[in-house]
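# Observations on the three-dimensional arrangement
The lines below spell out each chain.
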Amino acid sequence: KDFFESLKIKISPTAPIVVDEKDIYEAYYKLYNLKKEEINKINFEGKKVLIVEDYEINAALFQTILSKLGIETKLITNGEDAIKEAINNDYDLILMDITLPKLNGIEAAKKIKEKKDIPIIAVTGNTTEENIKEYLKYMDDFLPKPTKKSILLEKLKKFLTPLSLSEKIAKKFELSDEETQELIEVFK
């Protein structure tokens, strides 16, 4: 009812709904975009990603996209500091640039993997078959530069689990697991 009223279509319990073709197209357009928005509302709240990137524009891009997905990020700009940060803190994923000051991304990934089992994605503009094989010896996947949001999202889904509906509800309303399940059952 609210949806039709938002389209300025009056609903009467006794009269049939009368709409012209323009209203139907407008309704379809709004419903399509609503569905599209829902698809884009993937939430990785509570996940932590270490971004190891020395190029300011790429770092800002990753931080912006990841924060919109609910991901907490930390930026490190060189390989040596990346090793210390990754080993001394808990991250769910590392986005590792290959060309870094002090120590390159491959060497940093090797040292991190010796100490911790954490997924690392190589972020690079060098995407020849030979280079990719080299990255995948020490890292779990690669992300080409420049990248698209859709490709980044695909990689994130591969290594991070988005919050389920019940987890989103529990976080939003600060409910216990039992209270969340009761609420979902009532909703169903």
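Please read all numbers here as calculations on a predicted model, not as lab measurements.

## Describing the overall build of the protein chain
Across its full length, the protein chain holds 9 helices and 5 strands. Sorting the 188 residues of the protein chain into buried and exposed places 33% on the buried side. Pairs at least 24 residues apart make up 59% of the contacts formed inside the protein chain by residues separated by at least 6 positions. For the protein chain, the accessible surface area stands at approximately 12500 Å², while carbon and sulfur atoms represent 52% of it.

## Focus on the environment of Ile132
You can see Ile132 is positioned in helix H6 (residues 129-138). Using a relative accessible area of 15% as the deciding quantity, one classes Ile132 as buried. If sequence neighbours within four positions are ignored, Ile132 has contacts with Thr127 and Phe142.

## Considering the sheet that holds strand S2 (residues 72-76)
The 5 strands lie next to each other as S2-S1-S3-S4-S5, forming an open sheet whose pairing is parallel. Two strands bound the open sheet, and with one partner strand each, they are S2 and strand S5 (141-144). Shown here is a sheet whose adjacent strand axes are inclined to one another by a mean of 20°, direction ignored. Here strand S3 (residues 93-97) pairs with strand S4 (residues 120-124) via 4 bridges, running parallel. Note on S4: the bridge partner recorded for Ile94 is Ile120.

## As for the confidence of the model for the protein chain
Across the protein chain, pLDDT averages 77, with 64% of residues at or above 70. Considering each helix and strand of the protein chain separately, the mean pLDDT is smallest for helix H1 (residues 2-6), with a value of 48, and largest for helix H4 (residues 79-88), with 95. In the predicted structure, residues 1-5 sits below a pLDDT of 50 and forms 6 contacts with residues beyond four places in sequence or in another chain.

## Description of the pairing of S3
Here S3 lies mainly inside the structure; 5 of its 5 residues are buried. Neither face of S3 is open: one carries Leu93, Leu95 and Asp97, the other Ile94 and Met96, and all of them are buried. Relative to S3, strand S1 (residues 48-52) runs parallel, the two being bridged by 4 bridges. Bridge pairing links Val52 to Met96 in S3. For the crossover from S3 across helix H5 (residues 105-115) to S4, the handedness is right-handed.

Parameters at a glance
- Residues numbered from 1 in each chain as written.
- Predicted model: local features only at pLDDT ≥ 70, side-chain atom pairs only at ≥ 80, totals over all residues.
- Heavy atoms only, no water.
- Helix = DSSP H or I, 4+ residues; strand = E, 2+ residues; numbered from the N terminus.
- Buried < 20%, exposed > 50% of the residue type's maximum accessible area, 1.4 Å probe, protein only.
- Contact = heavy atoms within 4.5 Å.
- Areas by Shrake-Rupley, 256 points an atom, 1.4 Å probe, with all protein chains shown as cover.
- Pairing = 2+ DSSP bridges.
- Axes fitted to C-alpha atoms, helices over the stretch in contact; angles between N-to-C directions.
- pLDDT = per-residue confidence, 0-100.
- Right-handed = clockwise from strand over helix to strand, strands pointing away.

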